[in-house]
Amino acid sequence: MNTPLRTRLAIFAGKLAAAASRLAGRGEGMIIGGTVALKLSPHALEDLAQGRVAALVSATNGKTSTTRLLATAMSQGGPIASPTTGANMTEGAVWALATGAPGAQAVLEVDEAYLPRIVKETQPKVVLLANLSRDQLDRMSEVAMLARKWRTMIEENPEVLIIANADDPIVVFAAEKAKKIVWVAAGQAWTADSSVCPECGTLLTRDEKTWSCSGCGRTRPTPSWNFEWKATKGKTSATAVSPSGEKFDLSNLNLPGRFNASNATMALAACSELGYNLPKAVELMSTVSAVSGRYAIVQSGALKVRLLLAKNPAGWSELLDIMPPAPTPVIVMINSNHADGRDPSWLWDVPFERLAGRTVIASGNRRRDLAVRLLHAAVDCVVVEDPFAPDADLPESVRKLDVIDCAATYTAFQKIRVGALGEVDA
Amino acid sequence: MSKTVKIASIYPTLLGTYGDGGNVAALRHIAALHSITVSVDEISPGQKVPANADIYVLGGGEDTAQSAAAAALHASGALAEGVKNGAAVLSICAGYQILGHTFLDAEGKPSAGLGLLDVTTDRLEKRAVGELVAHPLSSGPAGISAVLTGYENHGGFTHLGSGVEPFASVTSGIGNGDGTTEGAINGRVIGTYLHGPCLVRNPQVAEQLLSWAVDRKLEHIVEAEVEALRRERLDFVSKSR
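Residues numbered from 1 in each chain as written. Chains lettered and ligands numbered in written order. Predicted model: local features only at pLDDT ≥ 70, side-chain atom pairs only at ≥ 80, totals over all residues. Heavy atoms only, no water.

Q: Describe the overall build of chain A, listing the residues and the values that go with them.
A: When its secondary structure is counted, chain A shows 14 helices and 18 strands. Each of the three principal axes of chain A carries a C-alpha extent, and together these read 60 × 60 × 40 Å. Each of the 426 residues in chain A was classed as buried or not, and the buried ones make up 58%. Taking the intrachain contacts of chain A between residues at least 6 apart in sequence as the baseline, contacts between residues at least 24 apart amount to 66%. By element, 51% of the accessible surface of chain A is carried by carbon and sulfur atoms, the whole surface being about 17,000 Å². (Helix = DSSP H or I, 4+ residues; strand = E, 2+ residues; numbered from the N terminus. Buried < 20%, exposed > 50% of the residue type's maximum accessible area, 1.4 Å probe, protein only. Contact = heavy atoms within 4.5 Å. Areas by Shrake-Rupley, 256 points an atom, 1.4 Å probe, with all protein chains shown as cover.)

Below you can see the structure in the form of structure tokens.
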């Protein structure tokens with residue numbers, strides 16, 4: 001491949017900067033590497049992409065997991081360049097392409113707001129759009145605004161094949177103008193951000209499977225791919241159904257929950273469009289058990305924990321369902337640092353009532369907000385600043401558990417992950 | 001004493017983006033502490049807004065949703081009738097702007113509010129995002145004396161007319177946008193930019209609304225968890241200044 005000299009030099013400089021950053025103990029150096037490369041060669045992303053980018057994955061929730069599932073499924077055809085750390089802005093994309101196997105197909109996770117720019121510069125074969133919901137409103141766009149930006153992006157890039165969730169009306173509004181589109185009925189558990197039509201503001205009519213707008217006549221597009229999820233008495237089953245009616249059993253996925261099976265269905269639809277063997281794709285996706293620390297079991301101080309990450313009400317609401325049933329206690333850590341969003345008012349949008357019957361260890365720098373939320377939800381709660389300290393005042397029931405679920409916002413999650421004594425069982 | 005207080009949560013699907021559903025949860029919770037029975041009606045657009053509620057609650061929302069809510073409330077007329085009947089109203093952010101004469105829609109064009117508060121809203125130069133601390137005025141409702149704490153996230157500059165009093169005076173944050181006042185009040189109708197949610201972090205406001213509804217004074221009940229949260233938030237603001 002013919003990368004312009006300027007970009008090659010810029011990447012070299014970026015690698016030096018990344019190495020220096022690693023030596024200084026400041027992490028893996030991807031952001032700094034990508035930043036330096038882009039400074040020196042503003043078209044670095046375009047130069048590096050040149051037809052290599054197979055897929056971009058964007059959504060409010062599940063970007064990192066879906067990207068991992070798809071990249072793993074596609075590895076059947078050889079090495080894939082894909083970031084492993086959730087660095088999902090322009091710098092991260094540059095870095096994944098610059099450091100991945102030379103010439104390898106790339107699968108990139110992309111931040112919702114950066115998607116238009118990265119689509120334009122990388123001209124990917126497919127773009128996966130899974131869901132849009134409220135997220136960190138102190139610094140991010142409101143949902144409808146983001147959807148309008150995606151809509152313009154799609155109109156301006158008609159050659160790109162869009163794979164989109166037909167069950168999320170906001171995603172449909174964003175994607176419906178695509179020239180080439182594959183609709184997936186990937187489900188939508190969180191409907192609070194799509195109660196009204198993003199175009200005309202009319203309250204949407206919903207039933208079990210479909211939705212429609214009586215104001216402008218917009219309806220749920222007929223999906224090519226379907227997804228079935230059943231949960232009965234703690235047992236779950238998931239099936240993806242292809243446009244030709246072929247069924248793929250996703251029950252052996254190692255990643256838990258409805259949302260991950262839904263992510264796998266989106267990934268499978270992408271594999272199909274990109275010409276991969278689908279049974280092999282399912283088999284490979286089933287080998288993914290932890291994604292950048294999510295669902296990993298780690299030793300943190302005196303406790304062995306299963307790490308769960310959620311950043312917003314839609315994510316939390318699905319996470320509550322994969323926790324073990326009452327009375328098993330759980331740890332919930334809420335931070336409000338920059339990367340978490342400064343305003344945890346969204347705690348009041350999460351159905352924490354579902355945790356009733358167990359003790360919640362409330363921690364993180366916004367543990368007092370959580371304690372009041374749980375007080376109102378009539379959920380028993382113990383506020384502990386550092387539950388992993390050897391002398392932490394924890395209930396007996398917590399100490400007795402082999403592994404305790406610890407659900408955390410981004411910075412709390414990262415802190416445990418980085419500070420952990422190593423993954424016990426990844 | 002055994003009166004059931006009727007709470008109407010107005011269009012929470014449109015006006016509830018910033019956790020404002022917590023205000024209704026707080027009313028329920030605090031009413032229970034005072035042994036007051038409440039019924040909560042969650043009104044979706046298309047459903048009839050009751051004119052006989054004791055307390056109406058409106059939260060914040062995105063621009064498109066705000067316009068949809070304003071249009072539906074105009075068509076209904078029930079909120080104005082409720083206020084005439086002596087009901088109390090708590091309106092937050094986009095909900096507050098709707099109660100005024102005009103607010104700006106998604107395209108920046110003025111659209112008509114309900115005119116229940118003598119205020120008009122246009123744009124702040126820079127969006128107001130962050131912790132908001134304000135002191136209730138001594139001329140305000142008797143039950144609200146403690147400092148108010150919350151989180152604001154809005155682009156609206158709300159100008160107060162002569163028919164309202166400020167709800168509070170800002171000590172940290174932006175509030176209405178004039179540098180001093182936060183929110184507006186006229187009789188039992190309150191508008192404010194306090195999310196947090198407002199009634200969770202300021203239980204006295206909830207008690208005042210309930211007190212109007214049951215027509216008797218309520219002694220403030222202190223809950224340790226809530227006090228700890230208030231203290232922590234107020235400390236955070238004074239330390240970061």
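Q: I'd love a proper account of the overall build of chain B, names of residues and values included.
A: Helix and strand counts for chain B come out as 7 helices and 11 strands. For chain B, the residues scored as buried account for 59% of the 241 residues in total. Intrachain contacts of chain B at a sequence separation of at least 6 include 69% that bridge at least 24 residues. With 18 positive and 25 negative side-chain charges, chain B shows a spacing of 3 Å between the two charge centroids. (Lys, Arg positive; Asp, Glu negative; His and termini not counted. Charge placed at Lys NZ, Arg CZ, Asp CG, Glu CD.)

Q: Residue-level account of the packing of helix H4 (residues 63–74) of chain A against helix H10 (residues 278–285) of chain A, with values.
A: The geometry of a pair of packed helices is captured by two quantities: the angle between their axes and the separation between those axes. Residue and element names in this part refer to chain A. Running from N to C, H4 and H10 point in directions that differ by 125°, and their axes come no closer than 8 Å. The pairing of H4 with H10 is recorded here as oblique in orientation. In this structure, H4 crosses over H10, and the sense of that crossing is right-handed. Here Leu69, Thr72 and Ala73 of H4 lie close against H10, whose contacting residues are Ala281, Leu284 and Met285. (Axes fitted to C-alpha atoms, helices over the stretch in contact; angles between N-to-C directions. Parallel < 35°, antiparallel > 145°, perpendicular 65-115°, else oblique. Left-handed = near helix turned anticlockwise from the far one by under 90°.)

Q: If you had to explain unusual backbone geometry to someone new, which residues and values would you point to?
A: Residues and elements named next belong to chain A. Of note, the amide linkage connecting Ala326 to Pro327 takes the cis form, showing an omega dihedral of 5°. Tracing the chain through its elements places Pro327 in the loop between helix H11 (313–319) and strand E14 (330–333). Non-glycine residue Gln50 carries a positive phi angle of around 35°. Of note, Gln50 is situated in the loop between helix H3 (44–49) and strand E1 (53–58). According to the relative accessible area criterion, Gln50 is partly exposed, its value standing at 39%.

Q: Summarise helix H9 (residues 258–273) of chain A; cite the residues concerned and give the values.
A: The periodicity of an α-helix, 3.6 residues per turn, causes residues three or four positions apart to be oriented the same way. The terminal C-alpha atoms of H9(A) lie 23 Å apart, and with 16 residues this matches the ideal 22 Å at 1.5 Å per residue to within 8%. Directly after H9(A), the chain includes Gly275(A), whose backbone phi takes a positive value near 85°. (Expected span 1.5 Å × (residues − 1).)

Q: Break down the packing of helix H1 (residues 5–23) of chain A against helix H2 (residues 30–40) of chain A for me, citing the residues and quoting the values.
A: Residues and elements named next belong to chain A. For the pair H1 and H2, the least separation of the axes is 7 Å and the interaxial angle reads 150°. Compared by their axis directions, H1 and H2 come out roughly antiparallel. The crossing of H1 and H2 is right-handed. Within the contact between the two elements, H1 uses Arg6, Ala10, Ile11, Ala13, Gly14, Ala17, Ala18 and Ser21 and H2 uses Ile32, Gly33, Val36, Ala37 and Leu40.

Q: Residue-level account of the sheet that holds strand E9 (residues 225–232) of chain A, with values.
A: Residues and elements named next belong to chain A. Pairing in this open sheet of 9 strands is mixed, and the strands run E2-E3-E1-E4-E5-E6-E9-E10-E11 from one edge to the other. The outermost strands of the open sheet, each flanked by one partner alone, are strand E2 (80–81) and strand E11 (247–249). Bridging between E1 and strand E3 (residues 105–109) involves 4 bridges; their strand directions are parallel. If you follow Val57 over to E3, its bridge partner there is Glu109. (Pairing = 2+ DSSP bridges.)

Q: Let's hear about the pairing of E14(A): which residues, and what values?
A: All names here are of chain A. The side-chain alternation of E14 yields two buried faces, one formed by Val330 and Val332 and the other by Ile331 and Met333. One ladder, built from 3 bridges, connects E14 with strand E17 (residues 404–408); its direction is parallel. By the bridge assignment, Ile331 is partnered in E17 with Cys406.

Q: Which residues make up the interface of chain B and chain A, and what are the values?
A: Counting from both sides, the interface comprises 32 residues of chain B and, opposite them, 25 residues of chain A. Between chain B and chain A, a total of about 2,400 Å² is buried, with carbon and sulfur atoms accounting for 59% of that surface. For the pair chain B and chain A, the interface holds 0 salt bridges. Our count for the chain B to chain A interface comes out at 4 residue pairs in polar contact (both at pLDDT 80 or more). Elements with a minimum of two residues in the side of chain B that touches chain A: helix H1 (21–33), helix H2 (63–76), strand E7 (119–136), strand E8 (148–160), helix H5 (198–201) and helix H7 (224–239) of chain B. Per-element tally for the side of chain B that touches chain A: the top contributor is H7(B), with 6 residues. Of the residues assigned to the side of chain B that touches chain A, the class counts are 13 nonpolar, 10 polar and 9 charged. (Buried area = accessible area lost by both parts, 1.4 Å probe. Salt bridge = Lys/Arg side-chain N within 4 Å of Asp/Glu carboxyl O. Polar contact = N/O pair within 3.5 Å; in protein donor to acceptor, adjacent residues only side chain to side chain. Nonpolar A, V, L, I, M, F, W, Y, C, P; charged D, E, K, R; others polar.)

Q: Explain the pattern of salt bridges to me, using residue names and the numbers behind them.
A: When the charged atoms of two side chains with opposite charge come close together, those side chains can pair. All names here are of chain A. Using the criterion set out here, one finds 19 salt bridges over all chains in the structure. With its nearest N and O atoms 2.7 Å apart, the salt bridge here joins Glu318 to Arg258. Highlighted residues: Glu318 in helix H11 and Arg258 in helix H9, separated in sequence by 60 residues. In this structure, Glu318 and Arg258 share a single accessibility class: buried. The salt bridge involving Arg306 is made with Asp405; its shortest N-O contact spans 2.9 Å.

Q: Tell me about the environment of Met89(A), and please be specific about residues and values.
A: All names here are of chain A. With respect to the helices, strands and loops of the structure, Met89 is situated in the loop between E2 and helix H5 (90–99). As for Met89 and Ser58, which are separated by 31 residues in sequence, their C-alpha atoms are 11 Å apart. Contact partners of Met89, with chain neighbours within four places excluded, come to Asp111, Tyr114 and Ile118.

Q: Provide a residue-level description of H1(A), including the pertinent values.
A: Residue and element names in this part refer to chain A. For H1, spanning 19 residues, the distance from its first C-alpha to its last is 27 Å, which sits close to the expected 27 Å at 1.5 Å a residue. If you check which residues of H1 are buried, you get Thr7, Ala10, Ile11, Gly14, Ala17, Ala18 and Ser21. The buried side chains of H1 occupy one side of the element, clustering within an arc of 125° when seen end-on. Opposite the buried face of H1, by more than 90 degrees, sit the exposed residues Leu5, Leu9, Phe12, Leu16 and Leu23. Looking at the packing, one finds that the buried side of H1 touches H2, H3 and H5. (Arc of directions from axis to C-beta.)

Q: Mind laying out the domain arrangement of chain A, listing which residues take part and the relevant values?
A: When cut into domains, chain A gives domain 1 (1–42), domain 2 (45–285) and domain 3 (297–425). Its C-alpha centre places domain 1 of chain A at a distance of 37 Å from the equivalent point of domain 3 of chain A. (Domains from an automatic or database assignment.)

Q: Explain the packing of aromatic side chains residue by residue, including any values.
A: One pass over the structure, following the stated rule, counts 4 aromatic pairs over all chains. A cation over a ring is seen here: Arg233(B) above Phe236(B), with NZ or CZ 4.5 Å from the ring centre. (Phe/Tyr/Trp six-rings, centres within 6.5 Å; stacked < 30°, edge-to-face > 60°. Lys NZ or Arg CZ within 6 Å of the ring centre and 35° of its normal.)

Q: Residues and numbers for the nonpolar core, please.
A: With 140 residues, the main nonpolar core has Leu70(A) and Leu210(B) as its most contacted residues. Among the elements that line this core, the one with the most residues is H9(A), at 9 residues. Both domain 2 (45–285) and domain 3 (297–425) of chain A contribute no fewer than three residues apiece to this core. Apart from residues no more than four positions distant in its own chain, Leu70(A) is found in contact with Ala55(A), Val57(A), Val107(A), Leu128(A), Ala267(A), Ala270(A) and Cys271(A). Formed by 52 residues, the second largest nonpolar core is a distinct cluster that contains Ala96(A), Val119(A), Ile162(A) and Ile170(A). (Core = buried A, V, L, I, M, F, W, Y, C linked by side-chain atoms within 4.5 Å.)

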